[in-house]
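Observations on the model geometry
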Amino acid sequence: RVHGGNGRFHLWSLSACLFVRVSVCVAMAMSAARSLADFGYEYDASGKLVQIGTGDAFKFVDQQHYEALGDCVEKHIQTMMKTHCQLEEVQLPLLEDFSETNANGERPQVNIFVSPDWQTNSDKLLVLIQGSGAVRAGQWARSCCINSTLAIGSVLPYVEEAKRQGYAVLVLNPNYNYYKFQDGKQCVIPFNESPEKHVLYVFSRFVLKSVAKEVYIVAHSFGGVSTMVLVAQAPDELIERIAGIALTDSVHSSFKVQSLPQSRRKWLRSKCRDWVASKTPLDTPLPKQTQNAAVPCVSAGDHRHEYTSGCAFPSIFPFFASLSSANQQDEASCQTHCECS
């Protein structure tokens, strides 16, 4: 029995202790989870995250649970890129650039994913650059991967279509800039200290060394900022090979574009299109946004920022096809033939 105020305090203390113990047990269970199945989830045939056994949609528990589940979603997508899409995982920086390790033999590194033909495909190369935040290689938007479908939130449709059309593929990982060692210490990853430096490093070590005649870029959100830095700093030999840039709701400033040399501004406007968040139908021209972004803007077909990459997907490869040298040569040949006829 409990009497008086002290007793009430004792009951409160007991309840608080029980809550803490339950929270600790839940946290321990989540830390031990290594897969979606450990959380009771799986992706169905349509790419939607559902509860195993019931098929019910994802239910939010708390932020800690959401973050832990998000880590498993990341692993699932990256596994899909390796198994389903046959991409290879590569660690950066390359050993030839940085090989130092700590006392435990650990080397700070970040993973990207490349198709086996990235060095030998002489035709086309597609580079995928996501935005900022918690997303890692393979994701446009983690919230969409959890609450919508992989077709909207992940790069998988882009990789699959690129391979079907004969592109080599590079999937970047610009947000992973700090490496955590087993002892808990962290350090910046050499040559990848920021999203912009990561993009520049990948282009210098992979894209420039590839033999693809045409390079295409899809960049979402802050990926557009990194792309503008690339356009500003890339050597002419690389710029000449970049055949098309598709941005999805890029957050770059028009100042970045206006500060480019006139020749590159003209080049960019002829090669780039930004699919921005809008309630208007897909591909609707948006003059006001074009003025603000300093590059041609059209509607992504959805007003939500995180949905733009998935919703604009049907239009992006046709846009690239319209810019390809092969297509332009065919059109020129056809026009010449028609005039001669």
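In case you missed it, the structure is sitting above this.
The present account deals with the structure reproduced in this document. (Residues numbered from 1 in each chain as written. Predicted model: local features only at pLDDT ≥ 70, side-chain atom pairs only at ≥ 80, totals over all residues. Heavy atoms only, no water.)

1. Examining the overall build of the protein
Put simply, the test is: Helix and strand definitions here come from DSSP, where helices need a minimum of 4 consecutive H or I residues and strands a minimum of 2 consecutive E residues; each element is numbered from the N-terminal end. Exposure classes here rest on a 1.4 Å probe applied to the protein chains alone. A residue is buried below 20% of its type maximum, exposed above 50%, and partly exposed in between. Residue contacts are counted whenever heavy atoms from the two residues lie within 4.5 Å of one another. Here the Shrake-Rupley method, with its probe set to 1.4 Å, supplies the accessible areas, and only the displayed protein chains count as covering residues.
For the protein, the helix and strand inventory stands at 13 helices and 12 strands. Each of the 341 residues in the protein was classed as buried or not, and the buried ones make up 48%. The contacts of the protein with a sequence gap of at least 6 include a subset with a gap of at least 24, amounting to 69%. For the protein, the exposed area adds up to about 16900 Å²; of that, 54% sits on carbon and sulfur atoms.

2. Let's talk about the packing of aromatic side chains
To keep it simple, the criterion reads: Whether two aromatic rings pair depends on their centres lying within 6.5 Å, for rings of Phe, Tyr and Trp, where Trp uses its six-membered ring; planes under 30 degrees apart make the pair stacked, over 60 edge-to-face, and the rest tilted.
With the rule as written, the count across this model stands at 16 aromatic pairs. Ring plane angle 80° and centroid distance 6.2 Å describe the contact between F317 and F320, whose orientation is recorded as edge-to-face. Taken together, the residues span about one helical turn, with F317 and F320 both in helix α12 (residues 308-323) at a distance of three residues. Each of the two residues, F317 as well as F320, counts as buried. One aromatic cluster in this structure is built from W140, Y158, Y167, Y216, W275, F313, F317, F319 and F320.

3. What to know about the packing of helix α7 (residues 223-233) against helix α10 (residues 262-271)
Under the convention used in this document: With axes taken as lines fitted to C-alpha atoms, and helix axes fitted only over the stretch in contact, angles between N-to-C directions fall between 0 and 180 degrees. Small angles under 35 degrees read as roughly parallel and large ones over 145 as roughly antiparallel, with 65 to 115 read as roughly perpendicular and the rest as oblique. By definition, turning the near helix anticlockwise from the far helix through less than a right angle yields a left-handed crossing, and turning it clockwise yields a right-handed one. Amino acids outside the nonpolar list (Ala, Val, Leu, Ile, Met, Phe, Trp, Tyr, Cys, Pro) and the charged list (Asp, Glu, Lys, Arg) are all regarded as polar, and Gly is one of them.
Close contact between α7 and α10 brings their axes to 10 Å; oriented N to C, the two are set at 135°. When the axes of α7 and α10 are compared, the pair comes out oblique. Classified by chirality, the crossing of α10 by α7 is right-handed. Here M228, V231, A232 and Q233 of α7 come into contact with α10, specifically with R264, W267 and L268. When grouped by side-chain class, the residues that make up the contact of α7 with α10 number five nonpolar, one polar and one charged.

4. A look at the pattern of salt bridges
Applicable threshold: We define a salt bridge as a side-chain nitrogen of Lys or Arg found within 4 Å of a carboxyl oxygen belonging to Asp or Glu.
Taken as a whole and judged by the stated rule, the model has seven salt bridges. For K82, the salt bridge identified is with E89, shortest N-O distance 3.0 Å. A salt bridge links E161 to R164; the nearest nitrogen and oxygen atoms lie 2.6 Å apart. Taken as a pair, E161 and R164 lie in helix α5 (residues 156-164) at a separation of three residues, close to a single helical turn. Judged by its relative accessible area of 61%, R164 falls in the exposed class.

5. Considerations on α10
Where we set the bar: As used here, the arc belongs to the directions running from the helix axis to the C-beta atoms.
The set of residues buried in α10 consists of R264, R265, W267, L268 and K271. Buried positions in α10, seen along its axis, are confined to an arc of 165° and lie on one side of it. Opposite the packed face of α10, turned more than 90 degrees from it, sit the exposed residues Q262, S263 and K266. Those residues of α10 that are buried are in contact with α7, α8 (236-239), β10 (242-248), α9 (254-258), β11 (272-276) and α12.

6. So, the environment of D97
Position of D97 among the secondary structure elements: in the loop between β3 (88-92) and β4 (110-114). By relative accessible area, which is 22% here, D97 ends up partly exposed. Along the backbone, D97 and R205 are 108 residues apart, and their C-alpha atoms lie at a distance of 9.9 Å. Each residue touching D97, except ones within four places of it in the same chain, is listed here: F191, Y201 and R205.

7. With respect to the sheet that holds β11
Quick note on the threshold: We call two strands paired when DSSP finds no fewer than two bridges between them.
The eight strands lie next to each other as β3-β4-β6-β5-β9-β10-β11-β12, forming an open sheet whose pairing is mixed. In the strand order of this sheet, the two ends are held by β3 and β12 (297-299), each with one partner. Each strand axis lies, on average, 20° off the axis of its neighbour in the sheet, ignoring direction. Here β3 pairs with β4 via five bridges, running antiparallel. Bridging across to β4, Q91 finds its partner in N111. Contacting β3, β4 and β6 (167-171), helix α2 (residues 63-83) crosses the sheet at an angle of about 40° to β4.

8. Points about the nonpolar core
Worth spelling out the cut-off: Note on terminology: a nonpolar core comprises buried Ala, Val, Leu, Ile, Met, Phe, Trp, Tyr and Cys residues joined through side-chain atoms within 4.5 Å.
Formed by 46 residues in total, the largest nonpolar core has its most connected members in V127, L170, F206 and L268. In terms of residue count, the dominant contributor to this core is helix α6 (residues 195-207) (six residues). Apart from the residues within four sequence positions on either side, L170 is in contact with F113, V114, W118, L125, L126, V127, L128, V202, F206 and V207. If you look at the next biggest cluster of nonpolar residues, it comprises 44 residues, including L49, Y66, L87 and A137.

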